[in-house]
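A structural walkthrough
Spelled out from the first residue to the last, the chains are:
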Amino acid sequence: MNIILLAPPAAGKGTQSAFITSKYHLKHISTGDLLRCALAKNDEMSSYIQNEMNAGRLVSDEIILELIKNELVDESYDGVVLDGFPRNLIQAMKYEELLTDLNQTLNCVLYLSIDKEIAEKRIVGRHTCPNCKRIYNSMVEGQKSLEEGICDDCKISLTQRSDDNQQTFDVRYDTYMKETSPLINFYSEKGLLKTLDASKDPNEVFLEIQKILDSIL
Ligand code: ADP
């Protein structure tokens, strides 16, 4: 089963990906996480990536597609959950080609819908565990860690992303509206789009997701 999570920043793609992948034995592919890993190389490419991410712009399709291709060829899972990809029409069409080459299909696009104001608030309180990648939010009930600033599972300090600030959020949101939101129609016309209200509690959102996924399994 191949699933895309489509959403504006801070709608909960990471949180829902973690829930979905552990229940359905799917591989979580987050292009944001892959890019953050690529930064560790400290070469010319990583400084370009860091600039684009800090500015809230999209990284080039060429780099993204190279990262994605390497991840898709992994037969130890029953499919993938794509978190943060595709993010524009070119990436969506390239992904279709990649799936055809792999003799696979896209089963479902989960669109996590959320108002800009709520997304904005979530960004400010968002913290991530550097080990298990679980996302917490100190300002949203149901997403707080038990002990402030510490991962419930790994018991280590949470970190905050360098692009989780007001200025970068504004550009990220505009980029989403201009480049990514046209994918809502693209997948709706293919009959693949399922819309969820991502302003609800993450556990409630996941219950809805399970109903959808169980019905297409
Ligand atoms: P969010 O969805 O909350 O903005 P992500 O971790 O998915 O967070 O993305 C962070 C940044 O990484 C984006 O603002 C963008 O610069 C870059 N990025 C992630 N995925 C892609 C993609 N598919 N295409 C281009 N850039 C991407």
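The structure we're discussing is the one just above.
Scope of this entry: the structure provided in the associated data block. All residue numbers refer to positions counted from 1 along the written sequence of the respective chain. Only residues with pLDDT of at least 70 get local features here, since the model is predicted, and only at 80 or more are side-chain atom pairs given and counted; chain-wide, interface and lining totals rely on the full set of residues. Hydrogens and water molecules were not included; the side-chain quantities draw on all heavy atoms of the structure.

In terms of helices and strands, the protein carries 9 helices and 7 strands. Radius of gyration: over C-alpha atoms. The globule rule applied is 2.2 Å multiplied by the number of residues raised to the 0.38 power. A globule of 217 residues ought to have a C-alpha radius of gyration of about 17 Å, and the protein, at 17 Å, matches this closely. When accessible area is computed with a 1.4 Å probe and restricted to protein chains, residues below 20% of their type maximum are described as buried, those above 50% as exposed, and intermediate ones as partly exposed. By residue count, 48% of the 217 residues in the protein fall in the buried class. Residue-level accessible areas treat just the shown protein chains as cover; the underlying method is Shrake-Rupley with a 1.4 Å probe. Here the protein has roughly 11,300 Å² of accessible surface; of this, 48% comes from carbon and sulfur atoms. Looking at charge distribution, the protein has the averaged site of its 24 positive side-chain charges lying 2 Å from that of its 34 negative ones. Working definition: helices are DSSP H or I runs of at least four residues, strands are E runs of at least two. Numbering for both runs from the N terminus. Residues scored as positive are Lys and Arg, those scored as negative are Asp and Glu, and His as well as the terminal groups of each chain are ignored. Where a charge lies is defined by one atom per residue type, namely NZ (Lys), CZ (Arg), CG (Asp) and CD (Glu).

Okay, the packing of aromatic side chains next. Centres within 6.5 Å make a pair out of two Phe, Tyr or Trp rings, where for Trp the six-membered ring is used; the pair is then stacked when the planes are under 30 degrees apart, edge-to-face when over 60, and tilted otherwise. Overall, the coordinates contain 5 aromatic pairs when judged by the stated rule. For the pair F19 and F206, a centre-to-centre distance of 5.1 Å together with 45 degrees between the ring planes defines the contact as tilted. Pair noted here: F19 is in helix α1 (residues 13–24) and F206 is in helix α9 (residues 202–216), with a separation of 187 residues, a long-range link. Classification of F206 by relative accessible area gives buried; the value is 11%. Taking 5.8 Å as the distance between ring centres and 85 degrees as the angle between the ring planes, the aromatic pair formed by F85 and Y95 counts as edge-to-face. Note that F85 is positioned in the loop between β3 (80–83) and α5 (89–101) and Y95 in helix α5, a separation of 10 residues in sequence. We note that F85, like Y95, is buried. Members of the aromatic cluster, each reached through a chain of ring pairs, are F169, Y173 and Y176. In this scheme, Lys NZ or Arg CZ marks a charge over a ring once it lies within 6 Å of the ring centre and within 35 degrees of the ring normal. We note K190 situated over the ring of F186; from NZ or CZ to the ring centre the distance is 4.8 Å.

Quick look at the environment of T195 now. Mapped onto the fold, T195 is located in strand β7 (residues 193–197). The exposure class assigned to T195 is exposed, which follows from its relative accessible area of 52%. Spatially, the C-alpha atoms of T195 and E208 are 9.9 Å apart, while their sequence positions differ by 13 residues. Two residues qualify as a contact provided that any one of their heavy atoms is within 4.5 Å of a heavy atom in the partner residue. With sequence-adjacent residues up to four places away left out, T195 is seen in contact with Y111 and S113.

Looking at the element boundaries, T180 is found in helix α7 (residues 166–180). Classification of T180 by relative accessible area gives buried; the value is 4%. In this structure T180 touches L6, P86, R87 and T175, once residues within four positions along its chain are discounted.

Function cannot be inferred from these measures alone, as they are strictly geometric.
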